[in-house]
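Architecture at a glance
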Amino acid sequence: MSRMVTVAALPSLGAHGRTLGLIVIFVVEMALLGVFVPGYLDLYGLLDATRLFAEAGLVALGMTFVILTGGIDLSVGSLMALVSVTIGFSFTAGLPLPLAIIAGVFVGAAGGFFNGIVITALRLQPLVVTLGTFALFRGIAYAVSNADAVSNFPSWFEMFGQTYIAGEMPVQLVVFAIATLVAWVLLDHTRFGRYVTALGSNELASRFSGVETARIKVAVYTLTGLLVGIAGLIYTSRIFSARGNAGIGLELSVIAMVVLGGAKITGGSGTIAGTVLGVLILSYLQDGLVFAGVRNDWGLVVTGLFLIVGVFLNELFRKEKA
Amino acid sequence: MIAAVVLGGTSIKGGYGSNAAPVIGAVLVGMIFNALTLNKVPGTFELLVLGALILAAVSFDGLKRLIAGERQ
C-alpha cells in the first residue's frame with residue numbers, strides 16, 4: 001500500500017519537485033547571506049542588485065527556448081557588444097538617438113535570425129555556428145568601434161538602465177518581470193511553446209507530425225537575439241557607454257542559470273520558473289560575494305561550480321522520475 | 001594567438017577524421033593572421049576575420065553534405 005503511494009507520488013516530483021528544490025536552495029542561500037554578510041539583506045539593496053542581473057535574466061529567458069529545442073547559443077555576449085556598439089556609433093555618426101536605439105535592438109534580432117538561418121538552412125550544429133558568430137559579432141563590434149567607447153549620450157538615455165519605477169523598482173526589473181510573463185505564456189500556453197518542447201524531445205517525430213521544425217528553430221534564435229537587443233540597450237544605458245567589450249562571458253552565466261534552473265541541455269525539458277530561479281540563485285550569490293568583499297574572480301568559480309551542480313541535480317531528478 | 005590555433009583546429013576539423021586537418025587549419029589561420037599584420041590591417045579586425053573563417057569553414061562543410069545528400 002505504502003509502496004503504491006510512493007510510486008504514484010514520484011512523477012509529480014519531477015518538474016514541480018525540482019522547482020520546489022530550487023526555491024529551498026534560494027531561501028537557504030539568502031538566509032546564509034543574511035547571517036554571514038551583515039547588512040546584505042536590505043530590501044532596497046536587494047532591489048538595486050537586480051540592475052546587475054536583469055540583462056543576463058532577459059537573455060536566459062531566450063536561452064531557455066533555445067536549449068529546449070536541443071540547441072545552444074554561444075554568441076549572446078558578443079551580440080550584446082554588437083548591439084551596444086550599433087547604438088553608440090550610429091548615434092555618433094549622426095543618427096537621432098531614438099532611431100539608433102531601434103537600430104541596436106534590430107541588430108540583436110537580426111543577429112539571432114542569422115544564427116537560426118545558418119543552422120537550419122545548412123543543417124549545422126548550433127554549437128559550431130554560434131561559436132563562429134561568437135567571434136564574428138564581437139569582431140564586427142571591435143572593427144566598427146576601433147576598440148573605442150562612446151559615452152556622449154543625452155541624459156534622457158539614462159531611462160533604460162538607471163531610473164526607478166514607482167519609487168524603488170529599478171526599471172530593468174520591471175522589464176524583466178514583463179518579459180518573464182510573456183515567455184511563460186509563450187512556452188506554456190501557446191502551440192509554439194508546445195512545438196518547441198516537442199522538437200527538443202524528438203525532432204524527427206515532430207517533423208513527421210507536420211511541425212515546421214526549421215521555422216520554429218529560426219523563431220527561437222531570433223527571439224533570443226531580440227532579448228539580447230533589449231539587454232544590450234539596458235546595459236548601454238546602465239553604464240552609459242557603448243563599447244565592444246560588453247557582455248564578455250555572458251553566455252557562460254546565462255547557460256549556467258538555465259541549466260541550474262533544470263533545463264535539460266540536450267533539449268525537451270525545462271521551465272521558465274526554473275530559469276528565473278536559476279537567475280536569482282546565481283545572481284544573488286555572485287552579488288552577495290562581491291558585497292562581502294570577496295574578489296571578483298570567485299564569482300566565475302561559483303558560476304562553474306553551479307553549472308556542474310545543476311547538471312548533476314538534473315540527472316538525479318531524472319533518474320528518480322524514471 | 002592560442003585561441004587562433006585552437007579555433008583553427010576546430011574550424012577545419014569538422015570533416016571526416018584526418019589527423020592532419022587541425023594542424024593544417026592552425027597553420028592556415030596563423031598564416032592569414034600574419035598576412036593581415038603584414039598588410040597593416042588594424043588588429044581590431046582579427047576577431048572578425050576569425051569568425052568569418054569559422055563560419056565559412058562549417059558552411060562549406062554543410063553545403064558539401066547537403067549536396068551529397070541530394071544526390072542519393
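Residues numbered from 1 in each chain as written. Chains lettered and ligands numbered in written order. Predicted model: local features only at pLDDT ≥ 70, side-chain atom pairs only at ≥ 80, totals over all residues. Heavy atoms only, no water.

For chain B, the helix and strand inventory stands at three helices and zero strands. Counting from the amino terminus, helix and strand elements in chain B follow one another as α-α-α. Evaluated residue by residue, chain B yields a buried proportion of 31% over its 72 residues. (Helix = DSSP H or I, 4+ residues; strand = E, 2+ residues; numbered from the N terminus. Buried < 20%, exposed > 50% of the residue type's maximum accessible area, 1.4 Å probe, protein only.)

Further remarks concern the overall build of chain A. Tallying secondary structure elements over chain A gives 12 helices and four strands in all. In terms of C-alpha radius of gyration, chain A reaches 20 Å, essentially the compact-globule figure of 20 Å for 322 residues. If you line up chain A on its principal axes, its C-alpha atoms span 75 × 55 × 35 Å. Expressed as a percentage of the 322 residues in chain A, the buried residues total 51%. Within chain A, contacts between residues at least 6 apart in sequence are counted, and of these 80% link residues at least 24 apart. Accessible surface, chain A as shown: approximately 14700 Å² in total, 70% of it carbon and sulfur. Looking at charge distribution, chain A has the averaged site of its 17 positive side-chain charges lying 13 Å from that of its 16 negative ones. (Rg over C-alpha atoms; globule rule 2.2 N^0.38 Å. Contact = heavy atoms within 4.5 Å. Areas by Shrake-Rupley, 256 points an atom, 1.4 Å probe, with all protein chains shown as cover. Lys, Arg positive; Asp, Glu negative; His and termini not counted. Charge placed at Lys NZ, Arg CZ, Asp CG, Glu CD.)

Attention shifts here to the interface of chain A and chain B. Tallying the contact residues gives 19 residues for chain A and 17 residues for chain B. Overall, the association of chain A and chain B removes approximately 1500 Å² of surface from exposure, summing both partners, and the carbon and sulfur fraction of that is 82%. Scanning the region where chain A abuts chain B turns up zero salt bridges. Joining chain A to chain B, the criterion identifies zero residue pairs in polar contact (both at pLDDT 80 or more). Listing elements by their share of the side of chain A that touches chain B, those giving two or more residues are α4 (97-121) and α5 (126-145) of chain A. Take the side of chain A that touches chain B: its biggest share by element is 12 residues, from α5(A). (Buried area = accessible area lost by both parts, 1.4 Å probe. Salt bridge = Lys/Arg side-chain N within 4 Å of Asp/Glu carboxyl O. Polar contact = N/O pair within 3.5 Å; in protein donor to acceptor, adjacent residues only side chain to side chain.)

All names here are of chain A. Per the stated rule, a full pass over the model turns up five salt bridges over all chains. R207 serves as the salt-bridge partner of E203, at 3.6 Å between the closest nitrogen and oxygen. One end of the pair, E203, and the other, R207, are both in helix α8 (residues 203-208), four residues apart, so they sit about a helical turn from each other. What makes E203 partly exposed here is its relative accessible area of 29%. Residue classification places R207 among the partly exposed positions, given a relative accessible area of 42%. With a closest N to O distance of 3.1 Å, E203 and K217 form a salt bridge. Of this pair, E203 sits in helix α8 while K217 is found in helix α9 (residues 213-239), placing the two residues 14 residues apart along the sequence. Counted as one network, the salt bridges with shared partners bring together E203, R207 and K217.

All names here are of chain A. Ranked by size, the top nonpolar core spans 75 residues in total, and within it L61 and Y284 carry the most contacts. Among the elements that line this core, the one with the most residues is helix α2 (residues 43-68), at 14 residues. When neighbours within four sequence positions are excluded, Y284 is seen to be in contact with F26, E29, M30, L33, Y40, L46, A49, T50 and F53. Of all hydrophobic cores here, the second largest spans 12 residues; its members include I87, I101, L233 and F240. (Core = buried A, V, L, I, M, F, W, Y, C linked by side-chain atoms within 4.5 Å.)

For any pair of aromatic rings, the description rests on two quantities: the centre-to-centre distance and the angle between the ring planes. Residue and element names in this part refer to chain A. A complete count under the given rule lists nine aromatic pairs over all chains for this structure. Both rings, one in F26 and one in Y284, keep their centres 6.2 Å apart while their planes meet at 40 degrees; by these two values the pair is tilted. Remark: Y284 occurs in helix α11 (residues 272-291) and F26 occurs in helix α1 (residues 2-36); sequence separation between them is 258 residues. In this structure, F26 and Y284 share a single accessibility class: buried. When the ring of Y40 is compared with that of F291, the centres are 5.1 Å apart and the planes differ by 65 degrees; the resulting orientation is edge-to-face. With a gap of 251 residues between them, Y40 in the loop between α1 and α2 and F291 in helix α11 connect regions that are remote in the sequence. For Y40, a relative accessible area of 4% corresponds to the buried category. With relative accessibility at 47%, the residue F291 sits in the partly exposed group. In textbook terms, an aromatic cluster arises when at least three aromatic residues are bridged by ring pairs, as seen for F91, F153, F157, F160 and F240. Above the plane of the ring of Y164 lies R51, whose end atom (NZ or CZ) is 4.6 Å from the centre. (Phe/Tyr/Trp six-rings, centres within 6.5 Å; stacked < 30°, edge-to-face > 60°. Lys NZ or Arg CZ within 6 Å of the ring centre and 35° of its normal.)

What follows concerns helix α6 (residues 171-188) of chain A. In this model, α6(A) (18 residues) spans 26 Å end to end at C-alpha, consistent with the 26 Å of a helix rising 1.5 Å per residue. Buried-residue contacts for α6(A) involve α2, β2 (164-165), β3 (169-170), α7 (191-201), α9 and α11 of chain A. (Expected span 1.5 Å × (residues − 1).)

All names here are of chain B. Mean pLDDT over chain B works out to 69, with 60% of the residues at or above the 70 mark. Taken element by element, the predicted model of chain B shows its lowest mean pLDDT in helix α1 (residues 2-13) (48) and its highest in helix α3 (residues 46-71) (81). Reported confidence for the predicted complex is 0.77 by ipTM and 0.88 by pTM. (pLDDT = per-residue confidence, 0-100.)

Here the focus is a nonpolar patch on the surface. Residue and element names in this part refer to chain A. Together, V24, V28, L32, V35 and F36 line one region of the surface with nonpolar side chains, adding up to about 510 Å² of accessible area. With respect to the helices, strands and loops of the structure, V28 is situated in helix α1. With a relative accessible area of 43%, V28 lands in the partly exposed category. (Patch = residues over 30% accessible without salt bridge, like charges linked within 9 Å, V, L, I, M, F, W, Y side chains within 5 Å.)

A few words on helix α3 (residues 76-92) of chain A. All names here are of chain A. Between the first and last C-alpha of α3 there are 24 Å, a value that for 17 residues agrees with the 24 Å anticipated at 1.5 Å per step. With 15 of 17 residues buried, α3 is to be regarded as a mostly interior element. Once α3 finishes, G94 follows within two positions and takes phi at roughly 115 degrees, a positive value.

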